[in-house]
Structure formats: C-alpha cells, structure tokens
Amino acid sequence: MMNILVVLENKNSSIHRMSLEAISGAQQIGKECGLSVGILALGEKASVLAAEASQYSVEEVLSVENENLNSYTADGYSAAVAQVISAENPNYVFFGHTYQIRDYVPRISAKLKRPFLNDVVSYTVDGDKPIFYKQSFNSKLVSELQTSGDGPVLVSFQSAAYSAENIQSGTASARSVNVDLDASAIKVTPEEPFQEEAGGVDLSSADLIVSIGRGIGKEENIPLAQELAKVIGAELASSRPVVDSGWLPSHHQVGSSGQTVAPKLYLALGISGAIQHVVGMKGSKNIVVINKDPDAPLFEIADYGVVGDIHEIMPRLTEALQS
Amino acid sequence: MKICVLVKQIPGSEATFNVNTDGSWIQESGLPFEMNESDIYALEEALQIREKMGEGDVFVVTLGPDRCQKTIREALAKGADRAIHIKEEAPYCTDPLTIASVFTQVISEENPDLVLSGLQSDDLGFGQTGVLIGEMLGMTTATLVVATEIQDGDIRVKRELEAGWFQWQTMKLPASLAIQSGLNTPRYPSLKGIMTAKKKEIRTVSFDELKNVNIQQSFKKLSVQRKEKQTEMIEGSVDEIVGKLVNVFKNEIRII
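Residues numbered from 1 in each chain as written. Chains lettered and ligands numbered in written order. Predicted model: local features only at pLDDT ≥ 70, side-chain atom pairs only at ≥ 80, totals over all residues. Heavy atoms only, no water.

1. What to know about the interface of chain A and chain B
Phase 1: Counting residues at the interface gives 80 residues for chain A and 84 residues for chain B.
Phase 2: At the boundary of chain A with chain B, total buried surface from both sides reaches about 7500 Å², with 52% on carbon and sulfur atoms.
Phase 3: Where chain A meets chain B, there are 8 salt bridges.
Phase 4: With a closest N to O distance of 3.2 Å, Glu160(B) and Arg240(A) form a salt bridge.
Phase 5: Our count for the contact surface shared by chain A and chain B stands at 38 residue pairs in polar contact (both at pLDDT 80 or more).
Phase 6: Of the residues that constitute the side of chain A that touches chain B, the class distribution is 33 nonpolar, 21 polar and 26 charged. (Contact = heavy atoms within 4.5 Å. Buried area = accessible area lost by both parts, 1.4 Å probe. Salt bridge = Lys/Arg side-chain N within 4 Å of Asp/Glu carboxyl O. Polar contact = N/O pair within 3.5 Å; in protein donor to acceptor, adjacent residues only side chain to side chain. Nonpolar A, V, L, I, M, F, W, Y, C, P; charged D, E, K, R; others polar.)

Right, here's the structure in full:
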C-alpha cells in the first residue's frame with residue numbers, strides 16, 4: 001500500500017525529467033507528511049522504466065504492460081491509470097506537468113470524479129496534509145488550492161518545482177499489475193511522431209540569447225533585435241506569440257512547446273513572462289528583462305530589470321555596444 | 001457538421017491584478033476584459049471547418065457574468081451562428097469538474113460532432129475543461145491540436161508534442177479538441193458580421209441551476225506572487241539606461 005503514487009512518463013526509453021522531479025517532490029512531501037511513496041510505469045517501456053525507478057528510495061514500483069498501451073493514446077492511458085488508481089487507492093497521484101499529462105489526466109479526473117490539481121508550483125504542510133499552490137492570472141497571482149471529498153487527489157507539478165538532483169536513492173520492491181483494456185476502447189489511431197524542422201538553431205547550447213516577445217509589436221521590428229543579437233554574438237530567440245504571428249520560425253521558440261535554454265545571458269525584450277515561456281528559460285544564469293509593463297511576471301525572475309520601451313532602448317543599445 | 005466552441009472572457013494580459021480583501025477573487029472593477037487567446041483560434045478553426053464542409057452549425061458556449069455578452073457578440077460577429085450563455089455571478093466556481101459537468105448538460109442536448117476549446121484560459125489556467133467534457137460525453141479527446149482534417153466519420157488531427165515534435169492521429173467522431181494557439185489566422189469581424197450579430201440568438205441558462213453541489217476543488221486564497229529573486233532595477237533616461245546596461249554586460253555579467 002502506498003499513499004502517494006507517482007506515474008512515470010517515458011522519454012526515449014528512460015524516465016522523463018519531469019517524472020523524476022515528481023518522484024523527488026513525492027519523497028519530500030512523503031517525508032514531511034509521513035506518507036509512503038510508490039511508482040507506476042506503464043506502456044511499451046514499462047519494464048525499462050520500472051528498472052530505472054527501482055534504484056530510488058520508494059516503497060514499491062508497479063508496472064503495467066498491455067499491448068493496447070504500446071503507443072500512447074489518451075483513451076488507453078487514462079483507462080489503465082484510472083484502473084490502477086482505483087485498485088491501489090492512494091491518497092495522492094503525482095505527475096510531472098508535461099504535454100502528455102495535460103492530454104490524458106483530466107480524463108482520469110472525470111472517470112474517478114476526483115479533482116486534478118494541475119501545474120502545481122509549491123506546497124506547504126498543514127498538520128499531516130500537503131496544501132498545494134498554483135499560479136493563475138497570467139502567472140501574476142498564486143492560488144492556494146483546497147480539495148474536499150474522499151479518495152485520491154491527482155496533482156501535476158510544474159517543471160522545476162522540485163529538483164531531480166535531490167532524489168533519494170535506495171531500493172524498491174517490484175510488482176507487475178494487470179489492467180483490463182480491450183482494443184475496442186481505443187478509438188484513436190496515432191501515427192509516428194516527427195520533427196518538423198530538422199537543423200534549426202540549437203538554442204540549448206547558446207551562451208548568449210536575445211529573446212523577443214509580443215512587445216516587439218510588428219514583423220518590421222525583428223531586424224532591430226537581430227542586429228542587437230549580432231553585435232554581442234547572441235542567438236535570437238522568442239516567446240510563442242512571435243512564432244504564432246509567423247515573424248520567426250518555430251525553432252527560435254523558447255518555452256514548454258519550444259526549447260529549454262540556460263545561457264549566461266538571457267536578454268528578454270517585450271516578453272511578459274507567461275508560465276509556458278518561463279519554464280523554458282528560468283535556468284538562465286543572468287536574466288535581463290526590458291518591458292513597458294511594470295507588472296510583467298518575468299520581472300519576478302529577473303536579475304536586472306528595466307521598465308521601458310524596447311523600441312527606444314533596443315536601437316540605442318545596439319549603437320552603444322557597437323562603439 | 002455541428003460544432004460547439006467554448007469561448008471564455010478573461011482579464012487582458014497586461015492588466016494589473018489586485019486581490020480583494022478576503023483573498024477570494026481579484027478586484028474586477030476597471031479591468032479590461034477580452035476573449036481568451038487560444039479560444040480565438042478555436043473559434044476560427046470551427047468557422048474554417050464549416051466553410052470547408054460547405055455547411056454546418058457553429059455555436060458558442062460561454063460561462064460567466066453579464067460582461068461576457070460583449071465577448072459573445074464578438075464571436076457572433078466573426079461568424080458563429082448562435083450562442084448559449086451560462087450565466088454565473090461572483091463568487092465564481094473554480095472547480096474544473098463542476099464547470100465541465102455544467103457545460104456537459106448544456107452541450108449534450110445539442111449533440112455536436114465536435115467540441116473545440118482553447119488549450120487553456122489565461123486566468124485560471126487549468127486547461128482541463130475541454131478534455132473533461134469529452135470524457136463525460138464519451139467523445140474522443142485531443143489537446144495541443146495544431147491542424148485538423150475532417151474525414152469520413154473521423155477527424156485527423158496534428159498534435160504538438162514537446163521540443164518541436166508533432167504527431168498526427170485519426171480520431172472517431174464525436175471528438176473534443178483543445179486547440180493550441182497559432183494554428184490559423186483569426187479573422188476580424190466584418191461590418192456586416194457586426195450588424196447581423198445583433199440579430200443572432202443568445203440563449204441564457206443559469207449556472208447555479210445546473211451545478212451539482214459536490215464541489216471538490218476550489219481556490220481557497222489568492223495572493224500576489226512572492227518574489228523569488230533580488231532584481232536590480234535600472235532606471236533613468238533612455239541614455240542612462242543604455243549606459244547602465246552596457247556597464248552590466250561589461251562588468252557584472254562580463255560578456256563583452
């Protein structure tokens with residue numbers, strides 16, 4: 001019996017980084033609240049992931065193999081995980097807040113009629129119970145979440161809410177679990193995943209990044225940012241709205257749907273700091289933010305901040321750096 | 001083809017938020033309100049599917065107080081055929097399951113082939129409503145949808161995976177799709193659209209009458225984001241700012 005069940009996601013035949021962070025969070029919360037932790041691996045690579053998970057300090061590692069789980073589908077995964085949750089009846093089920101989790105975990109919530117607290121950033125402990133917090137209103141506010149009723153609570157953690165480096169090693173017993181899943185339950189036929197633009201810019205290894213957001217205003221202003229980047233030898237990156245507008249190709253995008261970066265300098269021009277962008281760049285060593293909105297959430301993680309108009313500052317900065 | 005689009009009205013992205021005295025909600029007075037960004041793309045996708053099919057019924061469902069009428073009219077002006085307004089007064093429900101069950105009761109009477117929603121709202125940010133409704137109505141579901149192709153009795157959708165990967169999947173109809181922003185170019189309402197929108201039907205239903213009493217999740221308290229980092233603010237005239245930035249690059253971060 002475990003109190004917290006962490007559900008793993010497969011990434012290239014190993015445990016997804018954000019699942020590792022969820023294990024780390026579960027260990028920490030488990031210790032503080034006196035709750036035991038178990039891990040669930042499922043899908044084609046379940047045994048590989050379960051073997052990797054068994055080196056961590058948890059009670060038990062469960063694995064589910066079923067031919068209808070070999071390719072990911074929301075139909076199959078939600079049905080299988082819901083069955084395991086019902087059988088094991090943990091107090092909490094933890095996930096990393098990945099794209100796949102967004103896709104199928106709400107289905108489990110509806111099946112079990114139990115709440116899904118998603119994109120959680122932190123917790124506090126009240127007696128022996130964790131209280132979870134998530135960001136809201138464009139990441140400008142934090143909300144304390146409260147749940148009621150009996151049964152499991154589903155929780156997904158935002159990227160870097162917990163560090164995978166803090167995972168406690170140990171040993172865990174292994175158990176194979178069966179689910180009842182018929183092929184007729186899968187009403188979706190997935191094709192092979194593919195990459196749209198091979199090549200592109202590898203922002204993840206860039207030392208210096210100049211990044212532009214919605215504040216750039218129009219396509220005609222892009223060259224101004226390009227010049228600034230060129231002067232200091234930086235790569236040009238952007239937040240999602242710039243790519244959505246077709247002003248830069250998608251391989252320039254930083255954030256949950258783009259690349260994750262950690263340069264020495266991240267100079268953010270006109271980027272407000274939606275959480276989907278922040279998760280892709282908050283590991284940068286020095287974050288310099290220029291934005292005309294003093295409430296832009298990106299200022300929260302800035303080392304240096306300028307409240308001002310990028311259209312005035314950008315060309316002058318380029319000039320000053322040239323000389 | 002009958003298409004339901006979930007459209008939400010949210011405070012504008014550059015708004016300053018103040019929390020009310022008991023921390024239960026934001027102070028709404030004076031805030032600008034607008035259509036949620038990914039919902040704009042969901043609505044456009046519905047209109048384009050209707051145009052490609054040559055016929056269809058696109059109806060919008062919106063949950064919120066009276067101020068949402070403006071957003072509903074905007075959706076009608078862009079080309080939605082009709083709307084259902086689920087009226088809710090403050091304090092607003094923040095339980096995704098309850099919200100989805102109310103939508104489900106309204107939508108099930110309509111029996112749509114497709115439910116399109118934006119990926120997530122910029123205010124509450126749950127990103128669950130479309131998927132919950134799909135499950136509750138026994139539909140297939142997909143999120144992060146960046147392209148759609150209607151086929152015979154099926155729909156083929158392109159989903160965005162992480163780090164620049166994509167995947168197509170073919171789904172049985174009816175389906176509920178959560179639409180990622182950027183997949184199309186949303187139209188502006190035409191003058192004719194704005195005029196005809198005034199005559200289009202908006203049916204009103206009450207949230208309180210439809211909600212079940214078993215609310216399991218809520219916002220207990222809202223607060224301003226705690227600052228994680230010490231930020232050095234650089235101030236002055238444009239020249240002074242530029243001078244100080246160059247100094248930071250040279251002497252603090254040492255990149256030049």
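2. Considerations on the domain arrangement of chain A
One widely used convention gives an interface's size as the accessible area the parts lose upon coming together.
Residue and element names in this part refer to chain A.
Phase 1: Domain annotation for chain A reports domain 1 (4–185) and domain 2 (203–322).
Phase 2: A C-alpha centroid distance of 33 Å is found between domain 1 and domain 2.
Phase 3: Opposite the 10 residues of domain 1 that make contact, domain 2 presents 11 residues.
Phase 4: For the pair domain 1 and domain 2, the two sides together bury roughly 730 Å², of which 51% comes from carbon and sulfur.
Phase 5: The largest per-residue losses of area from domain 1 upon contact with domain 2 belong to Tyr-99, Ser-139 and Lys-140, which jointly make up 49% of the total buried on that side.
Phase 6: Between domain 1 and domain 2 we count 1 salt bridge in total.
Phase 7: The closest approach of N and O atoms between Asp-293 and Lys-140, which form a salt bridge, is 3.6 Å. (Domains from an automatic or database assignment.)

3. Examining the packing of helix 3 (residues 74–88) of chain A against helix 4 (residues 99–112) of chain A
All names here are of chain A.
Phase 1: The geometry of helix 3 relative to helix 4 is characterised by a closest axis approach of 9 Å and an angle of 50° between their N-to-C directions. Accordingly, the angle class assigned to the pair helix 3 and helix 4 is oblique. Crossing handedness for the pair helix 3 and helix 4: right-handed. Here Ala-74, Asp-75, Tyr-77, Ser-78, Ala-79, Val-81, Ala-82, Ile-85 and Ser-86 of helix 3 lie close against helix 4, whose contacting residues are Gln-100, Asp-103, Tyr-104, Arg-107, Ile-108, Lys-111 and Leu-112.
Phase 2: Partitioning the contact of helix 3 with helix 4 into residue classes produces 9 nonpolar, 3 polar and 4 charged. (Axes fitted to C-alpha atoms, helices over the stretch in contact; angles between N-to-C directions. Helix = DSSP H or I, 4+ residues; strand = E, 2+ residues; numbered from the N terminus. Parallel < 35°, antiparallel > 145°, perpendicular 65-115°, else oblique. Left-handed = near helix turned anticlockwise from the far one by under 90°.)

4. Observations concerning the nonpolar core
Residues and elements named next belong to chain A.
Phase 1: Core analysis: the biggest nonpolar cluster contains 47 residues, and Ile-4, Val-6, Ile-29, Phe-94, Phe-132, Val-155 and Phe-157 have the highest contact counts within it.
Phase 2: Tallying contributions element by element places helix 1 (residues 17–33) first for this core, with 6 residues.
Phase 3: Not counting chain neighbours up to four residues away, the residues in contact with Val-155 comprise Tyr-92, Val-93, Phe-94, Phe-95, Phe-116, Leu-117, Val-120 and Phe-132. (Core = buried A, V, L, I, M, F, W, Y, C linked by side-chain atoms within 4.5 Å. Buried < 20%, exposed > 50% of the residue type's maximum accessible area, 1.4 Å probe, protein only.)

5. A word on the pattern of salt bridges
Phase 1: Considering all chains together, one arrives at 28 salt bridges over all chains under this definition.
Phase 2: Taken together, the shared-partner salt bridges in this structure form one network comprising Lys2(B), Asp57(B), Arg82(B), Glu109(B), Glu110(B) and Arg203(B).

6. A word on helix 3 of chain A
All names here are of chain A.
Phase 1: Taking 1.5 Å of rise per residue, 15 residues should cover 21 Å, and helix 3 covers 21 Å from first to last C-alpha, within 8% of that figure.
Phase 2: Residues of helix 3 that are buried include every one of Ala-74, Asp-75, Gly-76, Tyr-77, Ser-78, Ala-79, Ala-80, Val-81, Ala-82, Val-84, Ile-85 and Glu-88, and no others.
Phase 3: In the segment just after helix 3, Asn-89 is the residue with positive phi, at about 50°. (Expected span 1.5 Å × (residues − 1).)

7. Here's the deal with the sheet that holds strand 13 (residues 232–233) of chain B
Phase 1: Taken together, 6 strands build an open sheet; the order of strands is 15(A)-14(A)-16(A)-17(A)-18(A)-13(B) and the sheet is parallel. Where the open sheet ends on each side, the last strands, each with one partner, are strand 15 (235–238) of chain A together with strand 13 of chain B.
Phase 2: In terms of strand pairing, strand 18 (residues 304–307) of chain A meets strand 13 of chain B through 2 bridges, oriented parallel. Bridging from a neighbouring strand, Gly305(A) pairs with Met233(B) of strand 13 of chain B.
Phase 3: Contacts from helix 5 (residues 222–232) of chain A reach strand 14 (208–212), strand 15 and strand 16 (265–269) of chain A, with the element oriented near 170° to strand 14 of chain A.
Phase 4: Where helix 7 (residues 238–252) of chain B meets the sheet, it contacts strand 16, strand 17 (286–291) and strand 18 of chain A, and its direction lies at approximately 170° from that of strand 18 of chain A. (Pairing = 2+ DSSP bridges.)

8. Side note on the packing of aromatic side chains
Phase 1: Overall, the coordinates contain 17 aromatic pairs over all chains when judged by the stated rule.
Phase 2: When the ring of Tyr72(A) is compared with that of Tyr104(A), the centres are 5.9 Å apart and the planes differ by 55°; the resulting orientation is tilted. With Tyr72(A) in the loop between strand 5 (60–64) and helix 3 and Tyr104(A) in helix 4, this pair connects stretches of sequence that are 32 residues apart.
Phase 3: Joined through ring pairs, the aromatic side chains of Tyr92(A), Phe94(A), Tyr123(A), Phe132(A), Phe157(A) and Tyr162(A) make up one cluster.
Phase 4: Residue placement shows Lys134(A) over the ring face of Phe126(B); its charged tip is 4.8 Å from the ring centre.
Phase 5: Its guanidinium or amino end placed over the ring of Phe166(B), Lys158(B) lies 4.7 Å from that ring's centre, counting from NZ or CZ. (Phe/Tyr/Trp six-rings, centres within 6.5 Å; stacked < 30°, edge-to-face > 60°. Lys NZ or Arg CZ within 6 Å of the ring centre and 35° of its normal.)

9. So, a nonpolar patch on the surface
Phase 1: On the surface, a nonpolar cluster with roughly 310 Å² of combined accessible area is contributed by Leu191(B), Ile194(B) and Met195(B).
Phase 2: For Met195(B), the location among the structural elements is in helix 5 (residues 191–197). (Patch = residues over 30% accessible without salt bridge, like charges linked within 9 Å, V, L, I, M, F, W, Y side chains within 5 Å. Areas by Shrake-Rupley, 256 points an atom, 1.4 Å probe, with all protein chains shown as cover.)

10. Here we look at the pairing of strand 9 (residues 165–172) of chain B
Phase 1: Most of strand 9 of chain B sits inside the fold, with 6 of its 8 residues counted as buried.
Phase 2: The sheet contact formed by strand 13 (residues 194–195) of chain A and strand 9 of chain B spans 2 bridges and is antiparallel. Following the sheet pairing, Phe194(A) is matched in strand 9 of chain B by Phe166(B).
Phase 3: Here strand 8 (residues 154–160) of chain B folds back onto strand 9 of chain B in antiparallel fashion, the turn holding 4 residues, of which Ala163(B) has a positive phi close to 50°.

11. Observations concerning the sheet that holds strand 5 of chain A
Phase 1: In space, the 10 strands of this open sheet follow the order 11(A)-5(A)-4(A)-1(A)-6(A)-10(A)-7(A)-8(A)-9(A)-12(B), with mixed pairing throughout. Only two strands of the sheet have a single neighbouring strand rather than two, namely strand 11 (173–177) of chain A together with strand 12 (217–224) of chain B. Across the sheet, the axes of successive neighbouring strands diverge by a mean angle of 35°, strand direction being ignored.
Phase 2: Taken together, the 7 bridges between strand 9 (residues 141–147) of chain A and strand 12 of chain B define a ladder with antiparallel strand orientation. Its bridge partner lying in strand 12 of chain B, Leu145(A) is registered against Phe219(B).

12. Description of the packing of helix 3 (residues 96–108) of chain B against helix 4 (residues 129–136) of chain B
Residue and element names in this part refer to chain B.
Phase 1: For the pair helix 3 and helix 4, the least separation of the axes is 9 Å and the interaxial angle reads 55°. On the basis of the axis angle, helix 3 is oblique to helix 4. The chirality of how helix 3 crosses helix 4 is right-handed. Facing helix 3, whose interface residues are Pro-96, Leu-97, Ile-99, Ala-100, Ser-101, Phe-103, Thr-104 and Ile-107, helix 4 presents Thr-129, Leu-132, Ile-133 and Met-136.
Phase 2: When the residues that make up the contact of helix 3 with helix 4 are grouped by side-chain class, the tally is 9 nonpolar, 3 polar and no charged.

13. Brief notes about the domain arrangement of chain B
Phase 1: Domain assignment breaks chain B into domain 1 (2–210) and domain 2 (232–256).
Phase 2: Computed over C-alpha atoms only, the centres of domain 1 of chain B and domain 2 of chain B are separated by 44 Å.

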